[in-house]
Each structure stands twice: as C-alpha cells, then as structure tokens.
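Structural features, examined
Chain by chain, the residues:
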Amino acid sequence: MNRFANKSILVTGGSSGIGLAAAKAFAAEGGRVIITGRDSGTLASALSELGPKAIALRNDAGSVVQARQLASDLAAQSIRLDGVFINAGSAKFAPFEAVDEALWDQVFDTNVKGAYFQLQALLPLLNSGASIVINGSINAHIGMPNSSVYAASKAALITLAKTLSAELLSRGVRVNVVSPGPVSTPLYGKLGLDQATLEATAAQIQAQVPLGRFGTPEEIASTVLHLASPESAFIVGSEIIVDGGMSQL
C-alpha cells in the first residue's frame, strides 16, 4: 500500500522503539518522515534505516523552547504536516514514598508539558485532514504499583486528546490515542530500576498478559498507521488499547 505518498509525518521520539517502528512503517508506505530525538548518534542510526526522504532533528521533548524551535525549523523548510505521532516520553517508576519533585518534573515535563506545547507550536503547520496520534499507556487504566507519576501523566494525555479533538475539528484535524500495554522496547531499560528489579518486574507483567508475551513495536506501529490514515476518518477523540488483553480480560 502507499497510503502516505506525498504526505509528511512527524514522529517525536522516532529514533528507537515504537517511534522508529512507526517511522519505518510510514516511510514504507510512501511518507516523508521527520523524526526527533535527544541523542545525535541514535538519530543518525535511525536515519540510515529510513531512506533518503527522511529528516532527523535533535530535540528535547521536555523543552517548550525546543518545541517552538522544532516548529520553526519545519516552517523554514516549508514543511507542512499531514500527521503527527507524539511518541517521545519519559518512564520513571518509583514507590509512592520515594517519588521526589525531580522525578515528577522529568516525567510531566516530557510527557505532558512537552507534548502540549509541541502540538500548540505545530498547529499552524497542520494541513486540513491531518491526524494527530498520541502515545498513551494502559498504565492510565490499571493500578500498577510504582507507576503513580507515569500513569498520571498518561491519563493527562488521554484527556488532552479528547479536548483537543473538540477544539481542532473545525480545522479538519483529528486527535486520537494509542495506548500500548507491555512492549519490548529500549524504554524498559530506562525505568530507573536495577537489573534484578527490572527482570522481576518484567516477569510479573508478562504473567498478567493473556497472550503470554510482550508486544512488539511493530504491532503498536500498525495501529498508529491506522489512526493516521484516511481509513480511520470516523475515529475522533478515541483511544485504542493494544495490550494483548492485559487490561481487558
């Protein structure tokens, strides 16, 4: 298929994991993909996989200044967007009594404030008919221990998608959420847990998934593409949960 031929798609946090899988999928269907990330080396590696039409821009998803700079950089290249996948995020887990202000600020700056002001800055660049997909999480729906800050940030994004959907309909822009369950990505190595705790946590989580395994980035990417494509034109302000049945069964 060639659903995204002659279309430009921005994927924040597109240098690894779900973001890179989505960027590859968009590119495979003809899209011009712009990816962002914090690490120049990882961005360069991702760019080599995405083909000659792709663009990689270094960007800190938690910075309002850089959110505005990203929009300015795209405008300077006369790039208008047909799709945005807000994927960049921070996942830090800690027991409630151990959470400090620094952890709270890091998670909310990246997951909520950064996403909010990035979309605000990009608004003038969105074509009519553009689709925004936000990466949520089933943590917003389940009471997983040690995830209080992360879960709250993802719940805020789900609410944001609904209110922005109502506000942006008159511009012809749709906003939806894909909420993954446990997925095998590099993010799991950045939770702030030691190796033994990380392995025990992963085993405990996997045992709760009816399918008996973690999902793959490609499985989440396929849902992102559906929400970004004209095929989903009647889906607005909605959340699609992709979790192997973890929060449903």
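None of these values were measured; they are calculated from a predicted model.

**Section: the overall build of the chain**
Each helix and strand counted, the chain has seven helices and seven strands in total. If you list the helices and strands of the chain from N to C, you get β-α-β-α-β-α-β-α-β-α-β-α-α-β. For 249 residues, the compact-globule estimate of 2.2 N^0.38 gives 18 Å, and the chain sits close to it at 17 Å. Out of the 249 residues belonging to the chain, those deemed buried represent 50%. Considering only residue pairs separated by 6 or more positions, the chain has 71% of its internal contacts joining residues 24 or more positions apart. Total accessible area computed for the chain in this model is approximately 11,200 Å², and 54% of it derives from carbon and sulfur atoms. Both charge centroids of the chain, one from 17 positive and one from 19 negative side chains, sit 9 Å from each other.

**Considerations on the pairing of strand S4 (residues 81-86)**
Within S4, six of the six residues are buried, leaving the element largely enclosed by the surrounding structure. Sheet topology places strand S1 (residues 8-11) next to S4; three bridges connect them, and they run parallel. For valine 11, the partnering residue across the bridge sits in S4 and is phenylalanine 85. Pairing of S4 with strand S5 (residues 126-135), which is carried by five bridges, proceeds in the parallel orientation. By the bridge assignment, leucine 81 is partnered in S5 with leucine 126.

**Some thoughts on the side chain of threonine 223**
If you trace the backbone, threonine 223 turns up in helix H7 (residues 217-228). What threonine 223 contacts, discounting residues up to four positions off in sequence, is Val178, Ile240 and Val242.

**Things to note about the pattern of salt bridges**
Scanning all chains against the criterion turns up six salt bridges. Two residues, glutamate 219 and arginine 213, come together in a salt bridge whose shortest N-O distance is 2.8 Å.

**Thoughts on helix H3 (residues 64-76)**
The first and last C-alpha atoms of H3 sit 18 Å apart over 13 residues, in line with the 18 Å expected at 1.5 Å per residue. All of the buried residues in H3 are Val64, Ala67, Leu70, Ala71 and Leu74. Projection of H3 onto a plane perpendicular to its axis shows the buried side chains occupying an angular sector of 120°, all on one side. Opposite the buried face of H3, by more than 90 degrees, sit the exposed residues Val65 and Ala76. Tucked into the core, H3 has its buried residues touching S1, strand S2 (32-37), strand S3 (55-58), S4 and helix H4 (101-122). For H3, the capping residue at the N-terminal end is serine 63, with a side-chain oxygen 3.3 Å from the backbone nitrogen of valine 65. Looking one or two places after H3, you find serine 78, whose phi comes out positive at around 55°.

**Things to note about unusual backbone geometry**
Not every positive phi belongs to a glycine, and asparagine 6 is a case in point at roughly 65°. Along the chain, asparagine 6 falls in the segment before S1. Residue classification places asparagine 6 among the exposed residues on the basis of a relative accessible area of 80%. One non-glycine residue with positive phi stands out, namely asparagine 146, at about 75°. Here asparagine 146 is to be found in the loop between S5 and helix H5 (148-168).

**Some remarks on the sheet that holds strand S7 (residues 239-242)**
Reading across from one edge, S3-S2-S1-S4-S5-S6-S7 is the order of the seven strands in this open sheet, with parallel pairing throughout. Each edge of the open sheet is held by one strand with a lone partner, namely S3 and S7. Within this sheet the neighbouring strands show an average axis-to-axis angle of 20°, counted without direction.

**Observations regarding the pairing of S2**
Taken across its six residues, S2 has five buried, putting it largely inside the fold. In terms of handedness, the path from S1 via helix H1 (residues 17-28) over to S2 forms a crossover that is right-handed. The pairing of S2 with S3 spans four bridges and is parallel. Within the sheet, the bridge partner assigned to isoleucine 35 lies in S3 and is alanine 56. Between the parallel pair S2 and S3, the chain is carried across by helix H2 (residues 40-50), and the sense of this crossover is right-handed.

**Examining the nonpolar core**
Leu74, Leu81, Val84, Ile132 and Ile134 are the most contacted members of the largest nonpolar core, which totals 29 residues. Elements with a contribution of two residues or more to this core: S3, H3, S4, H4, S5, H5 and strand S6 (174-180). Ranked by residue count, the leading element in this core is H5, at six residues. In this structure, Ala25, Leu43, Leu50 and Val224 belong to the second largest nonpolar core, which totals 26 residues.

Definitions and limits used
- Residues numbered from 1 in each chain as written.
- Predicted model: local features only at pLDDT ≥ 70, side-chain atom pairs only at ≥ 80, totals over all residues.
- Heavy atoms only, no water.
- Helix = DSSP H or I, 4+ residues; strand = E, 2+ residues; numbered from the N terminus.
- Rg over C-alpha atoms; globule rule 2.2 N^0.38 Å.
- Buried < 20%, exposed > 50% of the residue type's maximum accessible area, 1.4 Å probe, protein only.
- Contact = heavy atoms within 4.5 Å.
- Areas by Shrake-Rupley, 256 points an atom, 1.4 Å probe, with all protein chains shown as cover.
- Lys, Arg positive; Asp, Glu negative; His and termini not counted.
- Charge placed at Lys NZ, Arg CZ, Asp CG, Glu CD.
- Pairing = 2+ DSSP bridges.
- Salt bridge = Lys/Arg side-chain N within 4 Å of Asp/Glu carboxyl O.
- Expected span 1.5 Å × (residues − 1).
- Arc of directions from axis to C-beta.
- Polar contact = N/O pair within 3.5 Å; in protein donor to acceptor, adjacent residues only side chain to side chain.
- Axes fitted to C-alpha atoms, helices over the stretch in contact; angles between N-to-C directions.
- Right-handed = clockwise from strand over helix to strand, strands pointing away.
- Core = buried A, V, L, I, M, F, W, Y, C linked by side-chain atoms within 4.5 Å.

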